[in-house]
Each structure stands twice: as structure tokens, then as C-alpha cells.
Amino acid sequence: MTDTSSGTSRSDTDTPHPARVYDWFLGGSDHGPADEALGRQIVAMEPTAKYGARHNRWFMQRATRMLAARLGVRQFLDIGTGIPTEPNLHRVAQTAAPEASVVYVDNDPLVLTHAQALLNGTPEGVTRYLQADVREPRKILDLAGSVLDFDRPVAV
Ligand SMILES: C[S@@+](CC[C@H](N)C(=O)[O-])C[C@H]1O[C@@H](n2cnc3c(N)ncnc32)[C@H](O)[C@@H]1O
């Protein structure tokens, strides 16, 4: 299930785009020359920027693994998902606990175009993608509530 009820189009590739610049930092393939040019400018000003992005990603993976494998958390709400980069959160969570439920949320229509890669979870688990803004908590909770049980622990 994907919910696409908000957002504006930001698909022109001549303009650098935050999610695609982040993809360039991570060494991914979903960026263009404008994104790389801005990424290089940022690295020129802040040489650790690429490492920061990679460590951010690795932190998400370590934290998810710890929560699912060691602390028994089975529900995840990932707000600010970004362009998919393997392993994505549901892959990490469902490797530890195949029945884990994951709801992805991002406000960027570009991320929505990649959402299919976020929905290939285990048969036992659930993965959903919602297009919403973190500043719309009621909308997120209403939509995510069809998947997540808020009476049980949810890692955000
Ligand atoms: C750094 S990237 C993705 C990071 C990713 N969670 C990770 O662990 O690698 C941040 C994402 O946050 C999204 N984002 C930024 N502002 C947002 C907002 N107000 N509501 C929802 N998502 C937002 C961007 O579209 C972008 O895809």
C-alpha cells in the first residue's frame, strides 16, 4: 500500500535535490550531475559530509538490528526514509524478525517513485509506504495506525 495524498512535484533533474545528494554521499546510483556538483561543493566546505551520511545510515541499521534482534521490538516507523539503499530498514528488521512491521514515511515525491523497493518485505511481515510530512503527525498516526498497534512498542 502506498499513500500519495500530499506533496508537490520536484522531479526536474537540473536542480540538485536533497534525497539525490544524500544518495551521492552514500555512493548510490540515483543522482545526476547537478546533485553530484552540489555534493562536491558541500564536501569542499565540509570534508566529513560523506562520512557523516554513511555513518548516519550505518547507525540506522545497527539501531534497527539491536531493537529487533535483542530488544524484541517488532514495529518500526521510519520518518524521513530517503531513496532506498540496501539494506533498507525493513530488510534489517525482518532479517532479525520476519514478522516485523515497518511503515516508511517521506514527504518527497521522488522517494515515492522508489517506494516499490521498500515494499518487498517478508510474507510474515508488513511494509507500507506513506507520503506525508513529519509536521502532520495526526495524518501519519492515522495512516500508520492501520498497520501499527500503538499499544505495543514502536521504534520511531
Ligand atoms: C538524509 S535523508 C534519509 C536518511 C535515511 N533515513 C537514512 O537513515 O539513511 C532524509 C530524508 O528526510 C526527508 N524529509 C525531509 N524533511 C521531511 C519532512 N518534513 N517530512 C518528512 N520527510 C522529510 C527527505 O525527503 C529525505 O528523504
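Now for a look at the structure at hand. Only a predicted model underlies this, so the values are computations on that prediction, with no experimental measurement involved.

Cut-offs applied
- Residues numbered from 1 in each chain as written.
- Predicted model: local features only at pLDDT ≥ 70, side-chain atom pairs only at ≥ 80, totals over all residues.
- Heavy atoms only, no water.
- Helix = DSSP H or I, 4+ residues; strand = E, 2+ residues; numbered from the N terminus.
- Buried < 20%, exposed > 50% of the residue type's maximum accessible area, 1.4 Å probe, protein only.
- Pairing = 2+ DSSP bridges.
- Right-handed = clockwise from strand over helix to strand, strands pointing away.
- Near = heavy atom within 4 Å.
- Polar contact = N/O pair within 3.5 Å; in protein donor to acceptor, adjacent residues only side chain to side chain.
- Areas by Shrake-Rupley, 256 points an atom, 1.4 Å probe, with all protein chains shown as cover.
- Nonpolar A, V, L, I, M, F, W, Y, C, P; charged D, E, K, R; others polar.

Observations concerning unusual backbone geometry
Leave glycine aside and you will find that most residues have negative phi; peptide bonds, for their part, are mostly trans.
Thought 1: In the segment running from E86 into P87, the intervening peptide bond is cis, with an omega of -5°.
Thought 2: Following the sequence through the fold, P87 ends up in the loop between β2 (75–79) and α4 (89–96).

A closer look at the pairing of strand β3 (residues 101–106)
Thought 1: Counting buried positions over the six residues of β3 gives six, a clear majority of the element.
Thought 2: Looking at chain direction, β2 and β3 are connected through five bridges and run parallel. When the bridges of β3 are listed, I79 appears paired with V105.
Thought 3: Read as a crossover between parallel neighbours, the route from β2 over α4 to β3 is right-handed.
Thought 4: When β3 meets strand β4 (residues 126–131), the two strands line up parallel, connected through six bridges. Along β4, the bridge assignment pairs D106 with Q131.

As for the site of the ligand
Thought 1: As a matter of local geometry, the ligand sits amid 15 residues, with Y22, R57, G80, D106 and V134 nearest to it.
Thought 2: One of the backbone nitrogen or oxygen atoms of G80 is found 2.7 Å away from a nitrogen atom of the ligand.
Thought 3: For the ligand, a nitrogen atom lies 3.0 Å from a polar atom in the side chain of D133.
Thought 4: The fraction of the free accessible surface of the ligand (600 Å²) that becomes covered by protein chains is 75%.
Thought 5: With three residues, helix α3 (residues 49–70) is the largest single contributor of residues to the shell around the ligand.
Thought 6: Here the shell around the ligand is built from residues that sort into five nonpolar, five polar and five charged.

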